[in-house]
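Analysis of the macromolecular model
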Amino acid sequence: MPKEVNIGILGLGVVGTGVAKILLEQKKLLTERTGVEFRLKTVVDLDWERDRGISLDGIRTTTDFEELVQDPEIEVVVETMGGIEPAFSFVMSALAAGKHVVTANKALIALKGRELLEKARECGVQFLFEASVGGGIPIIKSLREGLIANKILRIYGIINGTSNYILTKMHQEGLDFSEALQEAQAKGFAEADPTLDVGGGDAAHKLTILASLAAGGFVDFGSIPVEGITELTSLDINFAKNFGYVIKLLAICRFNGTKLDLRVHPTLVPGDHLLAAVNHELNAIFVTGNYVGDTMFYGPGAGQSPTASAVVSDLVDLARAILQPEGGYTLQMINPEKNVALFSLDEIANRYYLRFFTLDQPGILAKISGVFGKYGISISSVVQLETHGEKNYVPIVLLTHEAPEKAMFKALDEIKKFDFVRPDLLRLRLFK
Ligand code: HSE
């Protein structure tokens, strides 16, 4: 007889329903492949009116979370309710009750991961979150297992499908930002609050998780510099294209073994790089390990079935750990007690794309380039178009050689003070 593992789902929304569906539809296959019978015993949700398109016959449905926590038969809780509270309190109670927890909740891990992992450790249970980054892409398992021999040197992630969809539409079809956002929302992969997608917050949640895995200790989400894609115009997309680049919202982690350089921002990616070919809502995570070299993981980063597929992979890992409690199966790479330092701005240098609208008058370019010279910033390319849109203002676009972040910030502060420069200047970074 296969060992039975009883599962409770907390939150029967899009992802929770997907998990229930896989557990019901793939029951036999999962047992054949793992030697474990996964039994969905209880589902907790507040809304039992809505038709989810699945039959829950024989499964206990309730609005009371305590039924799940108090049930000694339930070994694993799947948290798919989302948000921070009450999800955090519920997960803490489930861990305290000795239950393993699997979640897809990236915000919860980014903001509360340390406490949750400490609690899991204290209670001798597992806390797993494969589905929290890259939807169906098995990136956490790959870092934990396939790449275990490597120091992770760099991670570049296109890990917000909504932003990637918008940028693809702007690049390929010349759509405006707002038109493309509306399309992305209609497709259903945007967050309830789309500012998390387009402002870079969702990618930063996921980067916190990836960087913590790479560094083996928790990274402070609040310390990550985050810039979104809301300031980009079709003009910038076209300039970038003409320079041979594609603009992508990248989550960047560069690790020297001691300190991390973490950032989320729109980035000019060379048109012939693999990441430049990741389009629409798809995600990709480009990982460089010191032994393996460059690798790339690509696939659907959101959606019911891909995300549920990742949740179920955690359930299988858990079942294996449950079957072999002494088996030394390493499921956790993050030490919640370890802090990892980030580089300061003084220590980071980048190449930049700068776009200004200035009055078309003699000496303006000289004044702007004079400021860059003062701060030791070398210009590698300049384009000025004769006219654009608003009368008297012309766009000037510069690409620079590598320059320290701090020098660039100071130079731009000075340039902003020129009365011939419109306040809406844009600073982007180039891929390196
Ligand atoms: N809003 C997210 C995205 C969903 O657009 O990628 C998956 O986390």
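Residues numbered from 1 in each chain as written. Predicted model: local features only at pLDDT ≥ 70, side-chain atom pairs only at ≥ 80, totals over all residues. Heavy atoms only, no water.

The subject of this paragraph is the overall build of the protein. Scanning the protein for helices and strands turns up 14 helices and 20 strands. For 432 residues, the compact-globule formula gives about 22 Å, and the C-alpha radius of gyration of the protein, at 24 Å, lands near that figure. By principal-axis analysis of the C-alpha atoms, the protein measures approximately 85 × 45 × 35 Å. Taking all 432 residues of the protein together, 53% fall into the buried category. If you sum the accessible surface of the protein, you get close to 18200 Å²; carbon and sulfur atoms cover 51% of it. (Helix = DSSP H or I, 4+ residues; strand = E, 2+ residues; numbered from the N terminus. Rg over C-alpha atoms; globule rule 2.2 N^0.38 Å. Buried < 20%, exposed > 50% of the residue type's maximum accessible area, 1.4 Å probe, protein only. Areas by Shrake-Rupley, 256 points an atom, 1.4 Å probe, with all protein chains shown as cover.)

Here we take up the domain arrangement of the protein. By convention, interface size is frequently given as the accessible area that disappears when the constituent parts associate. Partitioning the protein into domains gives domain 1 (3-135 + 304-335), domain 2 (142-300) and domain 3 (346-430). Averaged C-alpha coordinates put domain 1 and domain 3 at centres separated by 50 Å. (Domains from an automatic or database assignment.)

Turning our attention to the site of the ligand. By nearness alone, every residue bordering the ligand is listed as Lys-106, Asn-160, Gly-161, Thr-162, Phe-189, Ala-190, Glu-191, Asp-197, Asp-202, Lys-206, Gly-301 and Ala-302. A distance of 2.8 Å is found between an oxygen atom of the ligand and a side-chain nitrogen or oxygen belonging to Lys-206. Its free accessible area being 260 Å², the ligand has 90% of it covered by the protein chains. Because more than half of its atoms lie within 2 Å of the grid, the ligand is assigned to the largest pocket. The set of elements that each furnish at least two residues to the shell around the ligand consists of helix H7 (161-173) and helix H10 (201-215). When its residues are assigned to classes, the shell around the ligand shows three nonpolar, four polar and five charged. (Near = heavy atom within 4 Å. Polar contact = N/O pair within 3.5 Å; in protein donor to acceptor, adjacent residues only side chain to side chain. 1 Å grid on protein atoms, 1.4 Å probe; cavity = no way out; pocket = protein on both sides within 12 Å on 5 of 7 lines; lining within 4 Å. Sits in = over half its atoms within 2 Å of the grid points. Nonpolar A, V, L, I, M, F, W, Y, C, P; charged D, E, K, R; others polar.)

Our next topic: the environment of Lys-28. Along the chain, the position of Lys-28 falls in helix H2 (residues 27-34). Put simply, Lys-28 and Phe-38 are ten residues apart on the chain and 9.2 Å apart in space, counted from C-alpha to C-alpha.

What follows covers unusual backbone geometry. Cis geometry is adopted by the peptide bond preceding Pro-86, which originates at Glu-85 and carries an omega value of 10°. In this structure, Pro-86 sits in the loop between strand E4 (74-79) and helix H4 (87-96). If you check the backbone angles, His-280 has positive phi at about 55° while not being a glycine. Looking at the secondary structure, you find His-280 in the loop between strand E10 (259-270) and strand E11 (282-289).

Let us look at the nonpolar core. Phe-127, Ile-139, Ile-166, Leu-260, Val-287 and Tyr-353 are the most contacted members of the largest nonpolar core, which totals 81 residues. The element best represented in this core is H10, accounting for nine residues. Excluding anything up to four places from it in sequence, Val-287 contacts Ile-139, Leu-143, Leu-147, Ile-152, Arg-154, Ile-155, Gly-293, Asp-294, Thr-295 and Phe-297. Counting residues in each nonpolar core, the second largest holds 33 residues, with Leu-23, Ile-59, Val-312 and Val-316 among its members. (Core = buried A, V, L, I, M, F, W, Y, C linked by side-chain atoms within 4.5 Å. Contact = heavy atoms within 4.5 Å.)

Our focus in this paragraph is the pairing of strand E9 (residues 245-255). By the criterion of burial, E9 is predominantly enclosed, with ten of the eleven residues buried. Bridging between strand E7 (residues 152-158) and E9 involves four bridges; their strand directions are antiparallel. Residue Ile-155 lies in a different strand from E9, and its bridge partner there is Cys-253. Judged from the eleven bridges that link them, E9 and E10 form a sheet pairing that is antiparallel. Bridged to Leu-249 within E10 is Pro-266. The antiparallel hairpin formed by E9 and E10 contains three residues in its connecting segment, where Gly-257 sits at a positive phi of about 95°. (Pairing = 2+ DSSP bridges.)

What follows deals with the packing of helix H1 (residues 14-25) against helix H12 (residues 304-323). Taken N-terminus to C-terminus, the directions of H1 and H12 make an angle of 60°; their axes are 8 Å apart at the nearest point. If you check the angle between H1 and H12, you find them oblique. Regarding H1 and H12, the two cross each other, and that crossing is right-handed. When H1 is examined against H12, the residues Val-14, Val-15, Thr-17, Gly-18, Val-19, Lys-21, Ile-22 and Leu-23 are found in contact with a partner set consisting of Gln-304, Ser-305, Thr-307, Ala-308, Ser-309, Val-311, Val-312 and Leu-315. (Axes fitted to C-alpha atoms, helices over the stretch in contact; angles between N-to-C directions. Parallel < 35°, antiparallel > 145°, perpendicular 65-115°, else oblique. Left-handed = near helix turned anticlockwise from the far one by under 90°.)

A word on the pattern of salt bridges. For the structure shown, the criterion picks out 32 salt bridges. One salt bridge in this structure joins Lys-119 and Glu-122, with 3.4 Å as the shortest N-O distance. In this pair, Lys-119 and Glu-122 both sit in helix H5 (residues 106-123), three residues apart, roughly one turn of the helix. For Asp-413, the salt bridge identified is with Lys-416, shortest N-O distance 4.0 Å. Highlighted residues: Asp-413 and Lys-416, both in helix H14 (residues 405-416), separated by three residues, approximately one helical turn. Given the relative accessible area of 43%, Asp-413 is considered partly exposed. (Salt bridge = Lys/Arg side-chain N within 4 Å of Asp/Glu carboxyl O.)

In this section: helix H6 (residues 139-146). An α-helix turns once per 3.6 residues; consequently, residues spaced three or four apart project the same way. Regarding H6, the residues found buried are Ile-139, Ile-140, Ser-142, Leu-143 and Arg-144. Residues of H6 that are buried sit in contact with strand E6 (127-128), E7, H10, E11, strand E12 (293-300) and H12.

What follows deals with the side chain of Thr-80. Along the polypeptide, Thr-80 turns up in the loop between E4 and H4. Within the structure, the side chain of Thr-80 is placed 2.7 Å from the backbone oxygen of Gly-11, a separation counted as a polar contact. For Thr-80, the contacting residues outside a window of four places in its chain are Ile-9, Leu-10, Gly-11, Val-15 and Gly-16.

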